[in-house]
Amino acid sequence: MSADAFPSDRGALVRTEGLTMRFGGLAALNDVSLSVERGGVHAIIGPNGAGKSTFFNCLTGVLKPTAGRIVVNGEDVAGLPPHAISRKSIARSYQVTNLLRGATVLENVRVAAQSRHHPWRLHRHYRAYHQVIDQALAVIDAVGLRGKEEDLASNLSHGEQRTLEIAIALATEPMLLCLDEPTAGMSAAETRQTVELIRRIAGDLTVLIVEHDMDVVMGLARTVTVLHYGELLAAGSPAEIQADPRVLEVYLKT
Amino acid sequence: MARRSGYWIGFFLVLGALGAAPLVLPEFWRRFVTEILIWGLLAMSSDILIGYTGVVSFGHSAFFGLGMYGAAFGLLRFRPNLWLALAFGLLAAATVAAFVAYFSTRLRDIYFSICTLVFSQIFYVIIFTWTEVTGGENGLVFRQPPLSVPGWQRAFTPATLHWFVLSIVTLTYLALRQVTRSPFGMVLQAIRENESRTMAIGYDVKRYKIVAVMLSGLCAGLAGILYAVQNRFVAPNFVFFDVSGEVVIFNVLGGMGTLVGPVLGAAVFFLLREGLSRYFTEYYLIPVGMIFMLTVIFLPQGLLGFLRRQLNQ
Ligand SMILES: Nc1ncnc2c1ncn2[C@@H]1O[C@H](COP(=O)(O)OP(=O)(O)O)[C@@H](O)[C@H]1O
Ligand SMILES: [Mg+2]
């Protein structure tokens, strides 16, 4: 499909059309049509069970949507497997920490970076590929995990594990980074650092973030989309959303 | 650096001891060591899946058996040539491995294991019943091919056969060691640690598993060929699933994810069987099973993991 088919698409990196995900009788997502512009941080908010993680799971190929389209750069990617989505330059972190627990911090990030280089080499030592290691070290440096390279992922503190989640995603060189509650369970200081990190990242790529902390959302996001029981309730700038009476009613008050 | 040279010192010491074995050991024990090398190769091949990729194959008897029968087929129907036996055995094992890999890698965890088990039993039944080609229940008997290179050949002596087996096992070990530390090998280990995360960072996990199963099956087939050449016969009971079960036991006993651990596991298993069957006759599996359980409980890293930790202290 050509980009001209959707002239209104200019600037939109991701657009969903009628995205629906049913689990038996429950519609975790119901006819959700939204678009995410290129650049900056975009937030998805909504009460628990609103379908935010399900939206990420559909977008990253973990779930095959029941109906609807997910258009990335003019191409429908709905239903592609996770590894194919990753190769479309979409990366994610998980709400529940999901690491190579028995591997070191460096190996977690290195193997993610390697997927963009020479994964099918069978005969040379993996350490001979200096470029991959340098790239991984640069990412580890950028997220502030320097000095922890040789630590096992399972031995990191909770906050460090959350940061490693982001580092792994970054190492795949995405243009869209989806973060599912990146600050969940973090201390106030760690949250502040993570917000700073996300702000820095968003200079180079587009960040889609699910977040509960309203201060974080309002401070970071260019646009906010509100989901409620799987339906799109509202979308707009942080100021618009904060002033929207429907949003106030279902979400901000509770 | 010290650790690396320590590794190579250990490697050459063990290689030297195994190389000297036929010169110093009496006939029974020489044969015993040669056979352990062959079973060790089979166990090592399975470690690629159990130890590195994190999927348990209960179908290695099929790869082992097809290597054996492929070699026997080449030797009986064509020429008694060692390299021809090798080519036929590897071809047979590769074909079966491709088949099993294609179907089993669609499944995860225990379903993968069951799938490999079911396929190996299917091949057992085929071999058991296809009497014209496989000799059925009786198997096949053939003459040992000579050790040959173009323009030169000699009948195997017990010592040259041992050295031939030792060189193949050593070369396969070195190749597999390289593979497990290659970019590809690191992806296998990522799959073992976290399959869904490995997919999410861009790896087509199923394709990696297919290649891992094929590689593993090919090395298991190689072990089958060596066994056929050593013993000059093949029989369907080597394709039966209890062989696959023993291979898993070798891995757990010796230490998964180490390549040499499973060889050590095979050696310990056969030594135990040898020693215990003198007192327990056919009930030797009872004490062996108890020792196995004690290993799982007290040495979860296997014997090699335990020895390594002792040496590092
Ligand atoms: N794999 C699944 N199977 C069945 N129901 C699910 C599954 N994943 C999510 N759900 C349900 O879908 C709804 C939305 O869940 P989720 O997307 O996790 O919400 P959020 O992330 O917004 O808190 C919830 O009611 C949840 O129970
Ligand atoms: Mg969620």
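Higher on the page you've got the structure.
Since we're looking at a predicted model, the values are computed, not measured.

Trainee: Would you mind showing me how to read the overall build of chain B here?
Mentor: Within chain B, the secondary structure is distributed over 14 helices and four strands. Computed over the C-alpha atoms, the radius of gyration of chain B is 19 Å, within 12% of the 20 Å expected from 2.2 N^0.38 for a compact globule of 313 residues. With 313 residues in all, chain B has 54% of them scored as buried. Nonlocal contacts in chain B, meaning residues at least 24 apart in sequence, comprise 76% of its contacts between residues at least 6 apart. Taken as a whole, chain B presents about 14500 Å² of accessible surface, with 68% of it coming from carbon and sulfur.

Trainee: Looking at this structure, how should I read the site of ligand 1?
Mentor: Residues and elements named next belong to chain A. Around ligand 1 sit Phe-23, Leu-26, Ala-28, Asn-48, Gly-49, Ala-50, Gly-51, Lys-52, Ser-53 and Thr-54, and those are all the residues in its vicinity. At a separation of 2.9 Å, an oxygen atom of ligand 1 approaches a polar side-chain atom of Ser-53. Residue Thr-54 places a side-chain N or O atom 2.5 Å away from an oxygen atom belonging to ligand 1. The element that contributes the greatest number of residues to the shell around ligand 1 is helix 1 (residues 52-59), accounting for three residues. Residue classes in the shell around ligand 1 are distributed as four nonpolar, five polar and one charged.

Trainee: I'm lost on the coordination of the magnesium ion (ligand 2) in this one. Help?
Mentor: Think of it this way: four donors in a tetrahedron around the metal ideally sit 109.5 degrees apart, and six in an octahedron ideally sit 90 or 180 degrees apart. Residue and element names in this part refer to chain A. The protein atoms that coordinate the magnesium ion (ligand 2) are Ser-53 (OG) and Gln-95 (OE1), at distances spanning 2.1 to 2.2 Å. Of the two residues, Ser-53 is situated in helix 1 and Gln-95 in the loop between strand 6 (90-92) and helix 3 (105-114); the sequence distance between them amounts to 42 residues. Take Ser-53: its relative accessible area is 22%, and that puts it in the partly exposed class.

Trainee: Honestly, the interface of chain A and chain B in this entry has me stumped. Any pointers?
Mentor: Much of the literature gives interface size as the accessible area that the parts lose upon coming together. The interface is formed by 32 residues belonging to chain A together with 23 residues belonging to chain B. Taking both partners together, chain A and chain B bury about 2400 Å²; carbon and sulfur atoms supply 59% of that area. Its largest share of buried area at the contact with chain B, chain A owes to His-83, Trp-120 and Leu-122 of chain A, together 27% of the area lost on that side. Where chain A meets chain B, there are one salt bridge. Across the pair Glu-165 of chain A and Arg-197 of chain B runs a salt bridge whose closest N-O atoms are separated by 2.9 Å. Applying the counting rule to chain A against chain B returns 24 residue pairs in polar contact (both at pLDDT 80 or more). Mapped by element, the contributors of at least two residues to the side of chain A that touches chain B are helix 2 (82-87), helix 3 and helix 5 (158-171) of chain A. Here the side of chain A that touches chain B gets five residues from one element, more than from any other, and that element is helix 3 of chain A. Among the residues forming the side of chain A that touches chain B, the class breakdown is 13 nonpolar, 10 polar and nine charged.

Calculation rules
- Residues numbered from 1 in each chain as written.
- Chains lettered and ligands numbered in written order.
- Predicted model: local features only at pLDDT ≥ 70, side-chain atom pairs only at ≥ 80, totals over all residues.
- Heavy atoms only, no water.
- Helix = DSSP H or I, 4+ residues; strand = E, 2+ residues; numbered from the N terminus.
- Rg over C-alpha atoms; globule rule 2.2 N^0.38 Å.
- Buried < 20%, exposed > 50% of the residue type's maximum accessible area, 1.4 Å probe, protein only.
- Contact = heavy atoms within 4.5 Å.
- Areas by Shrake-Rupley, 256 points an atom, 1.4 Å probe, with all protein chains shown as cover.
- Near = heavy atom within 4 Å.
- Polar contact = N/O pair within 3.5 Å; in protein donor to acceptor, adjacent residues only side chain to side chain.
- Nonpolar A, V, L, I, M, F, W, Y, C, P; charged D, E, K, R; others polar.
- Donors = N, O, S within 2.8 Å, 3.2 Å for Na, K, Ca; no water.
- Buried area = accessible area lost by both parts, 1.4 Å probe.
- Salt bridge = Lys/Arg side-chain N within 4 Å of Asp/Glu carboxyl O.

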